[in-house]
Amino acid sequence: MGRRNRNRQRPQRNRDDRPEGKRSRDDAGWGAGYSEIIKENKLFEQYYKELKIVPEGEFEEFMDAMREPLPATIRITGYKSHAKEILHTLKEKYFKEVQDLEVDGQKIEAPQPLSWYPDELAWHTNLSRKILRKSPLLEKFHQFLVSETESGNISRQEAVSMLPPLLMKIEPHHKILDMCAAPGSKTAQLIEMLHSDMDVPFPEGFVIANDVDNKRCYLLVHQAKRLNSPCIMVVNHDASIIPRLQFDRDGKKEVLFYDRILCDVPCSGDGTMRKNIDVWKKWTTSNSLQLHGLQLRIAVRGVEQLAVGGRMVYSTCSLNPVEDEAVIAALLEKSEGALELADASSDLPGLKYMPGITSWKLMTKEGQWYSDWSEVPTRRHTQIRPTMFPPTDSEKLANMKLERCMRILPHHQNTGGFFVAVLVKKEPMPWNRRFPKLPNKDANSSNEVTPTEETHAEVTPTEEMATEVTPVHDSPTDIPVEAVSETPAEGNPSVPDAPHLPEAKKDNVFCPPPLKKMKLFGFKEDPFVFLTEDDPIFPPIQTFYNLSHDFPKLNVLTRTHEGKKRHLYMVSKELRNVLLNNSERMKVINTGVKVWSRNNDGENFGCAFRLAQEGIYTLCPYIRARIVNISVEDVKVLLTQENPFLSTLCEDTHNHAKKLEMGSIVLRYLPDPQNPDAPQCPIDLCGWRGKTSIRAFVSRNERLHYLRMVGEEVFRDKPGSRDNAPTEAQEGNAEDTEVQGEEEGSSIKQKDAEAELNSSESNPNGTELAEST
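The structure displayed is predicted, hence computed values, not measured ones. (Residues numbered from 1 in each chain as written. Predicted model: local features only at pLDDT ≥ 70, side-chain atom pairs only at ≥ 80, totals over all residues. Heavy atoms only, no water.)

In this section: the packing of helix α10 (residues 285-304) against helix α11 (residues 325-335). Relative orientation of the contacting elements α10 and α11 amounts to 45°, with a least axis distance of 10 Å. The angle between α10 and α11 falls in the class oblique. The hand of the α10/α11 crossing is right-handed. Where α10 approaches α11, its residues His292, Gln295, Leu296, Ala299, Val300 and Val303 are matched on the opposing element by Ala326, Val327, Ala330, Leu331 and Lys334. (Axes fitted to C-alpha atoms, helices over the stretch in contact; angles between N-to-C directions. Helix = DSSP H or I, 4+ residues; strand = E, 2+ residues; numbered from the N terminus. Parallel < 35°, antiparallel > 145°, perpendicular 65-115°, else oblique. Left-handed = near helix turned anticlockwise from the far one by under 90°. Contact = heavy atoms within 4.5 Å.)

Of all hydrophobic cores here, the largest spans 150 residues; its most connected members are Trp116, Phe141 and Ile328. Residues Phe202, Ile537, Phe551 and Trp688 belong to the second largest nonpolar core, which totals 29 residues. (Core = buried A, V, L, I, M, F, W, Y, C linked by side-chain atoms within 4.5 Å. Buried < 20%, exposed > 50% of the residue type's maximum accessible area, 1.4 Å probe, protein only.)

Sheets are built from strands paired through backbone hydrogen bonds, the pairs being either parallel or antiparallel. Read from one edge to the other, the open sheet built from five strands follows the order β23-β24-β25-β27-β28, with strand pairing classed as antiparallel. Every other strand in the sheet has two partners, leaving β23 (529-530) and β28 (609-611) as the edge strands with one partner each. The pairing of strand β24 (residues 556-558) with strand β25 (residues 567-570) spans two bridges and is classified as antiparallel. The partner of Leu557 across the bridge, within β25, is Tyr569. Strand contacts of helix α16 (residues 538-545): β24, β25, β27 (593-598) and β28, with the helix running at about 45° to β28, the strand carrying the most contacts. (Pairing = 2+ DSSP bridges.)

For the rest of this paragraph, the subject is the sheet that holds strand β4 (residues 112-113). Pairing is antiparallel in the open sheet, where four strands are placed in the order β4-β5-β1-β6. A single partner strand is all that each edge strand has here, and the edge strands are β4 and β6 (154-156). Pairing of β4 with strand β5 (residues 122-124) involves two bridges; the strand directions are antiparallel. Looking at the pairing, Gln112 lines up with His124 of β5. Sheet strands in contact with helix α3 (residues 83-98) are β1 (73-76), β5 and β6, and its direction is about 145° off that of β1.

All right, on to the side chain of Gln413 then. Within the secondary structure, Gln413 sits in helix α13 (residues 410-413). Here Lys352 takes part through its backbone nitrogen, which lies 3.0 Å from a polar atom of the side chain of Gln413. Ignoring sequence-local partners within four residues, the contact set of Gln413 consists of Ser115, Trp116, Gly350, Leu351 and Lys352. (Polar contact = N/O pair within 3.5 Å; in protein donor to acceptor, adjacent residues only side chain to side chain.)

What follows deals with the side chain of Asp264. Position of Asp264 relative to the elements: it lies in strand β12 (residues 258-264). There is a polar contact of 3.2 Å between the side chain of Asp264 and the side chain of Lys186. Looking at Asp264, its side chain comes within polar contact range of the side chain of Ser315, at 2.6 Å.

Moving on, we get to the confidence of the model for the chain. Counting all residues, the mean pLDDT for the chain is 79, and 75% of those residues have values of 70 or more. Low confidence marks residues 12-34, where pLDDT is under 50. Its contacts with residues over four positions away, or in another chain, come to 25 contacts. Per-residue pLDDT stays below 50 along residues 435-518; that stretch engages in 157 contacts with residues further than four places along the chain or on separate chains. (pLDDT = per-residue confidence, 0-100.)

This paragraph deals with α3. With 16 residues, α3 should cover 22 Å at 1.5 Å per step; its first-to-last C-alpha distance of 21 Å lies within 8% of that length. The largest bend along α3 reaches roughly 40° and is located at Leu90. Along α3, the residues classified as buried are Ala83, Glu85, Ile86, Leu87, Thr89, Leu90, Tyr94, Phe95 and Val98. Its buried side turned inward, α3 meets β1, β5, α5 (139-150), β6 and α21 (700-709). Where α3 terminates, the next one or two residues include Asp100, which has phi positive at roughly 70°. (Expected span 1.5 Å × (residues − 1). Bend = angle between axes of the 7 residues up to and from the residue.)

This is the structure:
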């Protein structure tokens, strides 16, 4: 089929020529683009009425809430030192401007903080996304949200999507795995929590964010990049068989077990009907039945990689117990006491939720009900599995304490629907405790993997040989996955049931089945090449910026083996350890924060690398030279004028800058406690000292952000009119031409990347899987 000609002439239709009853998108009000979708689904109502997940007498209120548009919700990036400044700006300026307005006949209510989110860092309003985008009265507020979102200071995220990271109780030293991370709003929260102390540039912990969809991984990278963290790595794997990683500890390789795991699995998404309106016409009970097996496999793989004492949060944006309590019950049953549901009722005061249910039934899309596995006819055994039903043993069911699960209903706090459960691992999983020793050609080899988790289990002397080694293979389907059989007695190939050991023997030793070769899809990534301490790049950088002796040179990497290195990135020590020991077993999409970029003209001034704004807060603790202290007025000048002369700055700044040679500098503002109207948090900007001028290398959105912080009114006119906000500076000095050209090229590439990300947000395979974000 040929490509459609987008430029061909189309017949013009008058507005009045539309058939009676038809409306244009402009006339559609809140439901623009969805005017033909009727928010009714009789099967949905019949199913949830019968399950009784909604309290008696509230079902009509529940359905009315599901038909209303979802309110806009924003979250302020909590770890950044200027979070209080952003909150102050929101409260004192933008919230006051929008309250009491009336748009399309709807009165705008004053935004309110989410009662259960700490420190008033999350807010919601009755504004829908469509009104926020289209209303001229709200244009300034909308531009503020867009600009601050792009610079990483605000995230527009659904309220219930913020719950799982809060329940994980993250500390800066935790090793965290996000199994199904795209599009990345929860991942951003995890990164924020790692960096709770801004004075520590490299927290001991890290986040490994995974997604099965290669294209969505780049959307995930875009989200994570806003936070400029050296502690995030994005990988591309099937979460149900994500490879077990290893790391080096004192010269020995050990299995990597995570302290915290977020298991936000793909789901049918019936809790998102308020924002994903097409779910109304596509919803059927078959969706949950088809996804249950995948959800259970991902959860099993998660708890296998969880450290003893660690927490895994399982969540879905579905209200269906087949995807919720059924998965948790099956997981608890398989664990044989190794897992328990944690009581999180007191962790988020102010959150309204319904406890998990202990009894539920299954319904087919034809309306046939089944209360127990014994009632399911043989012909349906491939679609309906035993693990989808509640346990029949009443004592076992009571011990599971499924009421500790949390289901959030839309009408209770004007949110979306959501389900979350917190699991704590008390001991190794049954199939990980006793695994036979494999042949080892060199018993003293340093490549031997030490099973750190197994040391927590009691081992008798006669069983010591069986627990010495837990091998790590060059395949995502490593030993623990093979140990969890995917051929249960009932014959379902999709749900891991009883663990079993492979039957093949060689020299009286059990051996794993043949390994599958890991298949990698998507784009071929550039390599991650760590520099050595004696790399010739370092001496001029060390001298020019007078780096402290404790600067971690080994954490610096580049993305090329050959030729000149254009950019230098930094990762934390722990992520470097993971990268070096797992290069063949995982596909890394992105990691590290950019700290330096090559500027060829800079070689004339002593250093070929200029500072990058993305990594300025990572580098600053190690830089002891080329720092210019600036005042509030200097900040305004530097961010509003294209290329200000040194003489336009205050006297102290002018005198200090004159003493420096040309090249890259740090422009630092320090708060003045005597001036409460000025920003009360430090600001570091990348700059360039020219012959007679000085400029700041800061992206457009960050310029707008810092100008708001110092009290400047910034507002961008609509396309086609003159822009009132500061534009990207056009460098006038010959010595800065190379740097300016590089900045413009980066900006163009960023726009192209964002366009590609926007075009790939939909699922490329066309499957109807919802993400709870």
